[in-house]
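Coordinate inspection notes
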Amino acid sequence: MKIDKPSIPKGTRDFGPEKMLKRQFILNTIRAVFEKYGFQPLETPAMENLSVLTGKYGAEGDQLLYKILNSGDFLSKVKEDDLQGGYKNLAPKIAEKGLRYDLTVPFARYVVMNQHDITFPFKRYQIQPVWRADRPQKGRYREFYQCDADVVGTDSLICESEIILMINEVMHNLGIHDFSIKLNNRKILTAITDLVGAHGKEAQFCVAIDKLDKIGRQKVEEELSNNGFSDDSIKKLAPVFEIQGTNAEKLSQLEKLFENSEEGKVGYAELRQVFDFLNNFGEGQYNVELDLTLARGLSYYTGIILEVRANNSSIKSSITGGGRYDNLTGVFGLSGVSGVGFSFGVDRIYDVMEDLDIFPKEYESSTKVLLLHFDENSLNASIKALAQLRAADIKSEVYPDAVKIKKQMNYANKKGVPFVLMIGEDEIKEGKYQLKNMKSGEQQKLSMEEIILHLSA
RNA sequence: GUGGUUGUAGUUCAGUUGGUUAGAACGCCUGGUUGUGGUCCAGGAGGUCGCCGGUUCGAGCCCGGUCUCCCACCCCA
């Protein structure tokens, strides 16, 4: 029998212990902040019925859905005609389930199914993997985690303000201090397209303007021109590109710009309200910047949108994003439920933190102390000590095999265990054990009480 | 989905116009040191040269296909 070299699917990854400890630090930090702001956990299945997923992400999104082949004789119901109709026609006949593409649509599905049990406003967070049949690239995978928090059943802009507070808290707890939150409003983007006489071309406008910082104004104007924007429209966009100053200054320019636009006025008022709430929450700097060129791809956003980037990192892509969607549950037959949510990109946050080298050291190992043993008596004493250490909630382990001290030491060294405890003949007699700091190399004889005190710090 | 690129030891990479038994560094294992790791010294293990086929007396090297990796675009976290 031929043994194949093992491999994992394209665009997927294993997370070894070292990476997991770091990822857990990120996830625990995010989870703690979510809960601090009153969000409750939710998990949904990895697979959804395909009918729940299709049509929610646009034509391109449907292509990126992973479909699950029906079990058993999946061809039994397929007729000759179905085969002639091509794969798009055939797929729904042989695959009724698919892997979730994001966490927002399954959440919407959950809200609709449980609408009579849920007390609104409903605040939930969800940390689970999602799957996309995209072509992998740097920072882009076919399986990756999302950390979403959403509020549904209220249109209060307190939610938007609190999202900004939460982002600030998470970033600071992670040690990412130099970052910027960009804020905009889809209503303003719609108002602008109307204002320049390109009514209904909002989608093309968003896609193009979103690239401004990447490809520059000229290329954006070219793209708009290629997508049916008249020269006159593009000329009228000038004030949008040129709006500048502090957030307050930008706001007052916006107010003027939208004198005759109902939608623009609403968009402006919403932004103003968010900034007012933020001021009430405290005088702190929230790293928020009003940016009219922020658009975000997902089409379901209808209100305020936001995006976060780390400033001094080589990772330029956004690490967090979100916004308000007025009618997400509408496609499942429940209308009038407004929601606002955002999502942390764990993989990108990981890359940024690795890039900046800011992972805290205590996450390099989970074990605090390794107990070394020399012979049977030593092992028995170590086991007793181990029980005491664990009773004191100190992460500790004993090397399972009777091997040389050198090897046991090496194990501690490689694993990044900061302390080793040596219990030999002399130590047992004396009732004091050798505690060695692996980093400094120092060691001292201490009683069990002293050791526990020392390691608890 | 479109275009380009890469593939040799666990890892990073050498490998001459095609020529005997494919190398280095790091890592790993053993010993020097039977109670002291991270330094040093000595020794050792480890390869279907991505895979399939073709050209050739002979292929890691040339040709075709395929898979994979990475990059750009599209889109996105």
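Scoring rules and cut-offs
- Residues numbered from 1 in each chain as written.
- Chains lettered and ligands numbered in written order.
- Predicted model: local features only at pLDDT ≥ 70, side-chain atom pairs only at ≥ 80, totals over all residues.
- Heavy atoms only, no water.
- Phe/Tyr/Trp six-rings, centres within 6.5 Å; stacked < 30°, edge-to-face > 60°.
- Lys NZ or Arg CZ within 6 Å of the ring centre and 35° of its normal.
- Pairing = 2+ DSSP bridges.
- Helix = DSSP H or I, 4+ residues; strand = E, 2+ residues; numbered from the N terminus.
- Axes fitted to C-alpha atoms, helices over the stretch in contact; angles between N-to-C directions.
- Contact = heavy atoms within 4.5 Å.
- Buried < 20%, exposed > 50% of the residue type's maximum accessible area, 1.4 Å probe, protein only.
- Domains from an automatic or database assignment.
- Near = heavy atom within 4 Å.
- Polar contact = N/O pair within 3.5 Å; in protein donor to acceptor, adjacent residues only side chain to side chain.

Looking at the packing of aromatic side chains
Any aromatic ring pair is given by two values, namely how distant the centres are and how the planes are angled relative to each other. What the rule picks out here adds up to 11 aromatic pairs. An aromatic cluster of at least three residues, connected via ring pairs, comprises Phe34, Phe39, Tyr125, Phe342 and Phe344. The ring of phenylalanine 15 has arginine 23 sitting right over it, with the charged end atom 3.8 Å from the ring centre. If you follow arginine 132 out to its NZ or CZ, it ends over the ring of tyrosine 101, 4.1 Å from the centre.

Observations concerning the sheet that holds strand 4 (residues 95-99)
Read from one edge to the other, the open sheet built from 3 strands follows the order 2-4-3, with strand pairing classed as antiparallel. Edge positions in the sheet fall to strand 2 (47-49) and strand 3 (67-69), since each of these pairs with one other strand and no more. The sheet shows a mean angle of 45° between the axes of neighbouring strands, direction not considered. In the sheet, strand 2 pairs with strand 4 via 3 bridges, with the strands oriented antiparallel. In the strand pairing of strand 4, glutamate 48 is matched with glycine 98. Against the sheet, helix 5 (residues 87-94) engages strand 3 and strand 4, with an angle of about 90° to strand 4.

Some points on the pairing of strand 15 (residues 433-437)
In terms of residue burial, strand 15 counts as a mostly covered element, since 4 of its 5 residues are buried. Pairing of strand 14 (residues 419-422) with strand 15, which is carried by 4 bridges, proceeds in the antiparallel orientation. In the sheet register, phenylalanine 419 faces strand 15, and the bridge partner there is asparagine 437. Two elements, strand 15 and strand 16 (residues 443-446), share 4 bridges in a ladder whose sense is antiparallel. In the sheet register, tyrosine 433 faces strand 16, and the bridge partner there is leucine 446.

Some points on helix 15 (residues 346-356)
Residues Val346, Asp347, Ile349, Tyr350, Val352 and Met353 constitute the buried set of helix 15. The secondary structure elements touched by the buried residues of helix 15 are helix 1 (17-36), strand 6 (143-152), helix 7 (158-174), strand 9 (304-310) and strand 11 (339-345). Just past helix 15, the residue aspartate 357 takes up positive phi, approximately 55°.

Observations concerning unusual backbone geometry
Of note, the amide linkage connecting phenylalanine 120 to proline 121 takes the cis form, showing an omega dihedral of -5°. By the secondary structure assignment, proline 121 is in the loop between helix 6 (104-113) and strand 5 (122-131). Although it is not a glycine, asparagine 287 sits at a positive phi angle of roughly 60°. Its identity as a non-glycine residue notwithstanding, aspartate 357 has a phi of 55°, on the positive side. With respect to the helices and strands, the residue aspartate 357 is situated in the loop between helix 15 and strand 12 (369-372).

Considering the domain arrangement of chain A
As far as domains go, chain A holds domain 1 (17-38 + 106-356), domain 2 (47-99) and domain 3 (366-456). Between the C-alpha centres of domain 1 and domain 3 there is a distance of 50 Å.

Details of the protein's contact with RNA strand B
Surveying the vicinity of RNA strand B reveals 39 residues, the closest of which are Lys138, Arg140, Arg348, Lys414 and Met438. Considering RNA strand B, the proportion of its atoms within 4 Å of the protein that are sugar or phosphate atoms stands at 48%. Lysine 414 is positioned with one of its side-chain polar atoms (N or O) 2.4 Å from a phosphate oxygen of RNA strand B. Measuring from a base oxygen of RNA strand B, one finds a side-chain N or O atom of lysine 436 at 2.6 Å. Among the elements of the structure, strand 6, helix 17 (405-415), helix 18 (425-430) and strand 15 are those that each provide at least two residues to the surface near RNA strand B.

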